[in-house]
Amino acid sequence: MEDVSLYVGRGEVVTLLGPNGAGKSTILKMLSGEIAPQQGVVAIFGKSHDRNAKRRIGLVLQEASTDDLMTLQETLQLHGRLFGLRGARLHQRCTELLDSLGLSERADDRCETLSGGLRRRLDIARALLHEPDLLLLDEPTLALDPDSSAAIWETLRERVSDGAAVVVCSNDTVEAEANADRVVIVSDGHVVAEDTPSNLTSGLLHDALELDWPDATQTALTDLECWQGVGTILRTDDRLLLSVENSAEIVPRLFQRYGAQIRGIRIRESSLRDAWFQIVGRPLAENASDEA
């Protein structure tokens, strides 16, 4: 990691956006105190890491860390006690989170019976249990279906509305665009851009065209650059990504002139995914899973 500068304020969601291996998890581990930076400092709540600071952090790493022989209820009860919760308050928090994350009916089941997605929800519940002021989440909705992801973000927003800061590692541009107040683009151990999702996408034309065009010549690319309504043209492997003002005008013209060479086309509204492509110069591989 080099030249990483990051500030996260109260009541703010910041997404570290980048592919696996970009350095996102390393940043998260430095924020949690698990590793120390080789240079520079990490300050949490205005101070260096100490035991009191760590008690104000909720952490979810990529790997599930539940005990298979414990029930969900037992898992949350133990975690709550470790963070000083007792009695009626502990019971209330366990009940609230099991309910909000759709785990109530499984409260007395052992963790070994849970799918990967349900384990993820339990990890989120455990991180939220002691009402932390800073939440550090590494791919929090990985392996979750859209409804489960929405439930998690609804629960996270409740904590944010109470003033908690949230840092999320992700390679999901759709989720980042929908939920982040700021997006920090991380590539090869560097922060290459940082802004609100709307500012990062503000310079894009309305539509994005992904063309399966492996034999596109430089002559064809030069031709396209001159077309009115065509913006940035990016090439990777056998694909072209075009930023265009109006796909309804550009696509017929494309196929009229180059249809025999184009093997496939995808048309969509421009998004944070395209902003990443333009800033970094290569596509962002995103995880996909439908496990509940």
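Anything mentioned here points back to the structure above.
The rules behind the values
Here the residue numbering is sequential within each chain, running from 1 through the sequence in written order. Restriction of local features to residues with pLDDT of at least 70 applies here, the model being predicted, together with a cutoff of 80 or more for giving and counting side-chain atom pairs; totals for whole chains, interfaces and linings are based on all residues. For the side-chain quantities, the full set of heavy atoms in the structure was used; hydrogens and water were omitted. We define a salt bridge as a side-chain nitrogen of Lys or Arg found within 4 Å of a carboxyl oxygen belonging to Asp or Glu. By definition, any uninterrupted DSSP run of H or I lasting at least four residues is a helix, any uninterrupted run of E lasting at least two residues is a strand, and each is numbered from the N terminus. Burial classes: relative accessible area under 20% of the type maximum marks a residue as buried, over 50% as exposed, and values in between as partly exposed (1.4 Å probe, protein chains only). Helix span, expected: 1.5 Å multiplied by one less than the number of residues in the helix. Our arc is simply the arc of the directions from the helix axis toward the C-beta atoms. Any two residues whose heavy atoms approach within 4.5 Å at even a single point are treated as in contact. Here, any two strands with at least 2 DSSP bridges between them count as paired. Only the stretch in contact is used when fitting a helix axis, every axis being a line fitted to C-alpha atoms; angles between N-to-C directions are given from 0 to 180 degrees.

All right, on to the pattern of salt bridges then. Tallied over the entire structure, the rule returns 19 salt bridges. Notably, a salt bridge pairs Arg182 with Glu12, separated by 2.6 Å at the nearest N-O pair. A residue pair is termed long-range when its members are at least 10 positions apart, and Arg182 in strand E5 (residues 182-187) and Glu12 in the segment before strand E1 (13-17) qualify at 170 residues. Each of the two residues, Arg182 as well as Glu12, counts as buried. Because the salt bridges share partners, they merge into one network encompassing Glu210, Arg239, Arg266, Arg268, Arg273 and Asp274.

So, about helix H4 (residues 87-100). Side chains three or four residues apart in an α-helix point the same way, a direct result of the helix having 3.6 residues per turn. Here H4 spans 20 Å end to end across 14 residues, near enough to the 20 Å set by a 1.5 Å rise per residue. Of all the residues in H4, the buried ones are Leu90, Arg93, Cys94, Leu97 and Leu98. Taken down its axis, H4 places every buried residue within 125° of arc, on the same side. In H4, the exposed positions angled more than 90 degrees off the buried face are occupied by Ala88 and Asp99. Packed against the buried residues of H4 are helix H3 (72-82), helix H5 (116-128) and helix H6 (146-161). Following H4 by one or two positions, Gly102 adopts a phi angle in the positive range, close to 70°.

In spatial order, the strands read E2-E3-E4-E1-E5-E6; together these six strands make up an open sheet with mixed pairing. Strands with a single pairing partner mark the edges of an open sheet, and in this sheet they are strand E2 (57-60) and strand E6 (190-195). Going across the sheet, the axis of each strand differs from the next one's by a mean of 15°, ignoring polarity. Note: E1 against strand E4 (residues 165-170), five bridges, orientation parallel. When the bridges of E4 are listed, Val14 appears paired with Val167.

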